[in-house]
Amino acid sequence: LPSVSCLGDGQLQTPCRIQKCTTDFVSLTSHLNSALESFNLEFCKALRAYSACTYRNSKVCRGNLVYHSAVLGISDLMSQRNCSKDGPTSSSNPEVTQDPCNYSGHPEAREHQGGEKTPTYLFCGLFGDPHLRTFKDHFQTCKVEGAWPLIDNNYLSVQVTNVPVVAGSSATATNKITIIFKSYQHCTDQKVYQAVTDDLPAAFVDGTTSGGDGNTKSLQIVEKVSGKYVEMHASYIGTTVYIRQLGHYLTLAIRMPQEVVMAYEESQDLQLCVNGCPSSERIDDSGHLPLPVMGHLLPQRGSAHPQSVYTLETATTKCHEKMLLKDIYFYSCVFDLLTTGDANFTAAAHSALQDVESLHPRKEHWHIFPNSEGGGVDKGNKFFVGLGLVCLILVSFL
């Protein structure tokens, strides 16, 4: 797959690969004999493969004249040969049987195997108040109250709805997740999944548990813990999704190929997993979060957890029971307990770390520490340094 580079404030960028599309088309058609009856069939299959390749590059090549010429040329050739837009496509490697509903068999996936510095797959996670880990391994804490898109590309849409957790605090948590797997060739029809607090179904909204024809199962839901934990596996786009309910709120973790992540139009740029939270929605101000008064979390009428009160010491002890390393997940746990008083946020932080270890492609990036100066840590992580300093000051007065 194309490598990812950071430009400006960290926008993901991939190179235009139209030349590779053209080279593959020439390779597929150069040996064809126009005198044979099978010529039109094979030529149309190669054209459809060429068209699919240009479509996958539509976003990154939109300013490339060669790309636009290729798109027009494909359209003309399809008309001349009476080729249908839908149908079988040629494999760019005739010796390999390509399953269009298995992403690992895609030419793009094979090309990047043996990978360079950038992994083929990217990870995004959301948990707690909520804490967001983007596809660039940037870590932020945001309020984002209401409905917000985590992901919105040509294959998949993920939207979360966040509600206030405690009166008087800007902290929110996720109580609804909606996922739309968009129709893709014959691999799957459009499938919609929706989870809300206390209703984490093991099926799509139409009652089915899989997509695809027959036994293909290119998209399926697997229930791991009834009403508490489900996984979705979309093999045709190489994507895995974990959704959990911990306490009153939901968490989400997703792994996607970078090619799929980048398959979106300019109008779809508001994606928290891709570009992070807007600055106006960040709880942390220049890396510092407003912490509640330790040990004085007052009961709120109608609160789901009015009796819980944590001091810095008890919150740290509670989080240390689940997480031995003092990385961002540990400090997120401490912040959540001090902010909400809800012990379930400890389990949320712990399971979020477990999901990272299960889905994140690079082990050296599983843990992000407050004193990290690289490895994908962004300015938002200065919060944890600030939290540590606040903790030291407070300890001196306890």
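Values in this document were obtained by computation on a predicted structure and should not be read as measured data. (Residues numbered from 1 in each chain as written. Predicted model: local features only at pLDDT ≥ 70, side-chain atom pairs only at ≥ 80, totals over all residues. Heavy atoms only, no water.)

A. Highlighting the packing of aromatic side chains. Overall, the coordinates contain 13 aromatic pairs when judged by the stated rule. Pairing Y103 with Y121 gives two aromatic rings, centres 6.5 Å apart and planes at 70°, and the pair type is edge-to-face. Here Y103, found in the loop between α3 (65-80) and α4 (107-111), pairs with Y121, found in strand β3 (residues 121-127); they are 18 residues apart in sequence, far enough to count as distant. We classify Y121 as partly exposed; its relative accessible area is 24%. In textbook terms, an aromatic cluster arises when at least three aromatic residues are bridged by ring pairs, as seen for F25, F39, F43 and Y50. The side chain of R81 reaches across the aromatic face of F43, ending 5.6 Å from its centre. (Phe/Tyr/Trp six-rings, centres within 6.5 Å; stacked < 30°, edge-to-face > 60°. Helix = DSSP H or I, 4+ residues; strand = E, 2+ residues; numbered from the N terminus. Buried < 20%, exposed > 50% of the residue type's maximum accessible area, 1.4 Å probe, protein only. Lys NZ or Arg CZ within 6 Å of the ring centre and 35° of its normal.)

B. Representation of the state of the cysteines within the structure. Taken as a whole and judged by the stated rule, the model has 7 disulfides. Covalent S-S linkage joins C44 and C83, the inter-sulfur distance amounting to 2.0 Å. Disulfide C44 to C83: torsion about the S-S bond roughly -75°, handedness left-handed. Here C44, found in helix α2 (residues 39-56), pairs with C83, found in the loop between α3 and α4; they are 39 residues apart in sequence, far enough to count as distant. The disulfide partner of C142 is C277, and the gap between their sulfur atoms is 2.1 Å. Handedness of the C142-C277 disulfide follows from its S-S torsion of about 100°: it is right-handed. Of this pair, C142 sits in the loop between β5 (139-141) and β6 (146-152) while C277 sits in the loop between α6 (272-275) and α7 (312-322), placing them 135 residues apart in sequence. Under the relative-accessibility criterion, C142 is labelled buried at 0%. The class for C277 is buried, based on a relative accessible area of 7%. (Disulfide = S-S within 2.5 Å.)

C. The arrangement of α7 in detail. Those residues of α7 not exposed but buried are L312, A315 and C319. The buried residues of α7 occupy one face: seen down the axis, they fall within an arc of 70°. α7 presents E313 and E321 as exposed residues on the side facing more than 90 degrees away from its buried surface. (Arc of directions from axis to C-beta.)

D. Main features of the confidence of the model for the chain. Counting all residues, the mean pLDDT for the chain is 79, and 76% of those residues have values of 70 or more. Per-element averaging of pLDDT across the chain places strand β1 (residues 5-7) at the bottom with 37 and strand β9 (residues 191-196) at the top with 97. In the model, residues 371-398 has pLDDT below 50 throughout and makes 39 contacts with residues more than four positions away in sequence or in other chains. (pLDDT = per-residue confidence, 0-100. Contact = heavy atoms within 4.5 Å.)

E. View of the environment of C16. Along the polypeptide, C16 turns up in the loop between β2 (11-13) and α1 (18-29). Each C-alpha atom, one on C16 and one on R56, is 10.0 Å from the other, the two residues being 40 residues apart in sequence. Not counting residues within four places of it along the chain, the set of residues in contact with C16 comprises N57, V60, C61 and N64.

F. Summary view of the sheet that holds strand β7 (residues 156-164). In spatial order, the strands read β6-β7-β8-β9; together these 4 strands make up an open sheet with antiparallel pairing. Each edge of the sheet is formed by a strand with only one pairing partner; in this case those strands are β6 and β9. Looking at each pair of strands side by side, their axes are set apart by 20° on average, direction ignored. Where β6 meets β7, 6 bridges bridge the pair, whose relative direction is antiparallel. For I151, the partnering residue across the bridge sits in β7 and is V158. (Pairing = 2+ DSSP bridges. Axes fitted to C-alpha atoms, helices over the stretch in contact; angles between N-to-C directions.)

G. Focus on the packing of α1 against α2. At their nearest, the axes of α1 and α2 sit 9 Å apart, and the two run at 170° to each other. Accordingly, the angle class assigned to the pair α1 and α2 is roughly antiparallel. Residues I18, C21, T22, F25, L28 and T29 of α1 pack against F43, A46, L47, Y50, C53 and T54 of α2. The class makeup of the residues in the contact of α1 with α2 is 9 nonpolar, 3 polar and no charged. (Parallel < 35°, antiparallel > 145°, perpendicular 65-115°, else oblique. Nonpolar A, V, L, I, M, F, W, Y, C, P; charged D, E, K, R; others polar.)

H. Focus on the pairing of strand β11 (residues 219-225). Relative to β11, strand β10 (residues 210-211) is paired through 2 bridges, and the arrangement is antiparallel. Its bridge partner being in β11, S210 is matched across the sheet by Q220. Note that β11 and strand β12 (residues 229-234) share 6 bridges and pair antiparallel. Its bridge partner being in β12, Q220 is matched across the sheet by H233. Linking β11 to β12, which pair antiparallel, is a turn of 3 residues; within it G227 sits at a positive phi near 75°.

I. The arrangement of the pattern of salt bridges in detail. In this structure the tally under the stated criterion is 8 salt bridges. With its nearest N and O atoms 2.8 Å apart, the salt bridge here joins D24 to K20. In this pair, D24 and K20 both sit in helix α1, 4 residues apart, roughly one turn of the helix. Judged by relative accessible area, K20 falls into the partly exposed class, the value being 29%. When the shortest N-O distance is used, the salt bridge between R362 and E364 registers 2.9 Å. On the basis of relative accessibility, which here comes to 52%, the residue E364 falls in the exposed class. (Salt bridge = Lys/Arg side-chain N within 4 Å of Asp/Glu carboxyl O.)

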